[in-house]
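Each chain, written out:
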Amino acid sequence: QVQLVESGGGLVQAGGSLRLSCASSGRFFSSHAMGWFRQAPGRERDFVAAINWKGDSTTYADSVKGRFAISRDNARNTVFLQMNSLKPEDTAVYYCAAAPALEAVSGRDDYKDWGQGTQVTVSS
């Protein structure tokens, strides 16, 4: 089992940036694909970005392409989400997740381990 702890959320003005981090305490971090999802009030948990086990292949939701970037540091068991040009509609709880897969996957059911989430609020 992979245990995940997110950090880096907060309140930011529209157009600003935040960098989320997700630290894993599991043994198998480097063999898992990692992803970020988000959930706004009253909405389902939606895919944001994913990265493969090696860190050289990524995939993004259309709504964040060109603004967000996912990366990972397997030596530190950590995955990051750099969020730039933030918009009020990016406001949500952001969750880090681990999938027992080597390739970057975007399906919510592909992910078996989840963090507790970190709140991101973008003011207009």
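Please read these numbers as outputs of a predicted model, since none were measured by experiment.

(A) The arrangement of the layout of surface pockets in detail. Here the largest pocket defines a volume of roughly 170 Å³. Lining the largest pocket are Arg-38, Gln-39, Ala-40, Arg-43, Glu-44, Asp-46, Phe-47, Ser-63, Glu-89, Thr-91 and Ala-92. Going through the elements one at a time, strand S4 (33–39) and strand S5 (46–51) are the ones with two or more residues in the lining of the largest pocket.

(B) Just the packing of aromatic side chains, in detail. For the structure on display, the rule yields 4 aromatic pairs. Between the aromatic rings of Phe-37 and Phe-47, the centroid separation amounts to 5.7 Å while the plane-to-plane angle is 75°, which identifies the pairing as edge-to-face. One end of the pair, Phe-37, is in strand S4; the other, Phe-47, is in strand S5, with 10 residues separating them in the sequence. With respect to burial, Phe-37 and Phe-47 carry one shared label: buried. Taken together through their ring pairs, the aromatic side chains of Phe-37, Phe-47, Tyr-111 and Trp-114 make up a single cluster. It is Arg-45 that lies over the ring of Tyr-95; its NZ or CZ is 3.6 Å from the centre. Cation over ring: Arg-72 sits above Phe-29, and NZ or CZ is 4.5 Å from the ring centre.

(C) View of the pairing of S5. With respect to burial, S5 is a largely interior element, 5 of its 6 residues being buried. Bridge analysis of S4 against S5 gives 5 bridges, and the strand direction is antiparallel. Across the sheet, Gly-35 pairs through a bridge with Ala-50, a residue of S5. In sequence, S4 turns back onto S5 through a hairpin of 6 residues, with Gly-42 there showing a positive phi of about 80°. Taken together, the 3 bridges between S5 and strand S6 (residues 58–60) define a ladder with antiparallel strand orientation. Across the sheet, the residue bridging to Ile-51 is Thr-58, located in S6. Where S5 folds back onto S6 in an antiparallel hairpin, the turn is made up of 6 residues, including Gly-55, whose phi is positive at roughly 95°.

Rules of the game
Residues numbered from 1 in each chain as written. Predicted model: local features only at pLDDT ≥ 70, side-chain atom pairs only at ≥ 80, totals over all residues. Heavy atoms only, no water. 1 Å grid on protein atoms, 1.4 Å probe; cavity = no way out; pocket = protein on both sides within 12 Å on 5 of 7 lines; lining within 4 Å. Points joined across faces, edges and corners; volume = space filled by probe spheres on them. Helix = DSSP H or I, 4+ residues; strand = E, 2+ residues; numbered from the N terminus. Phe/Tyr/Trp six-rings, centres within 6.5 Å; stacked < 30°, edge-to-face > 60°. Buried < 20%, exposed > 50% of the residue type's maximum accessible area, 1.4 Å probe, protein only. Lys NZ or Arg CZ within 6 Å of the ring centre and 35° of its normal. Pairing = 2+ DSSP bridges.

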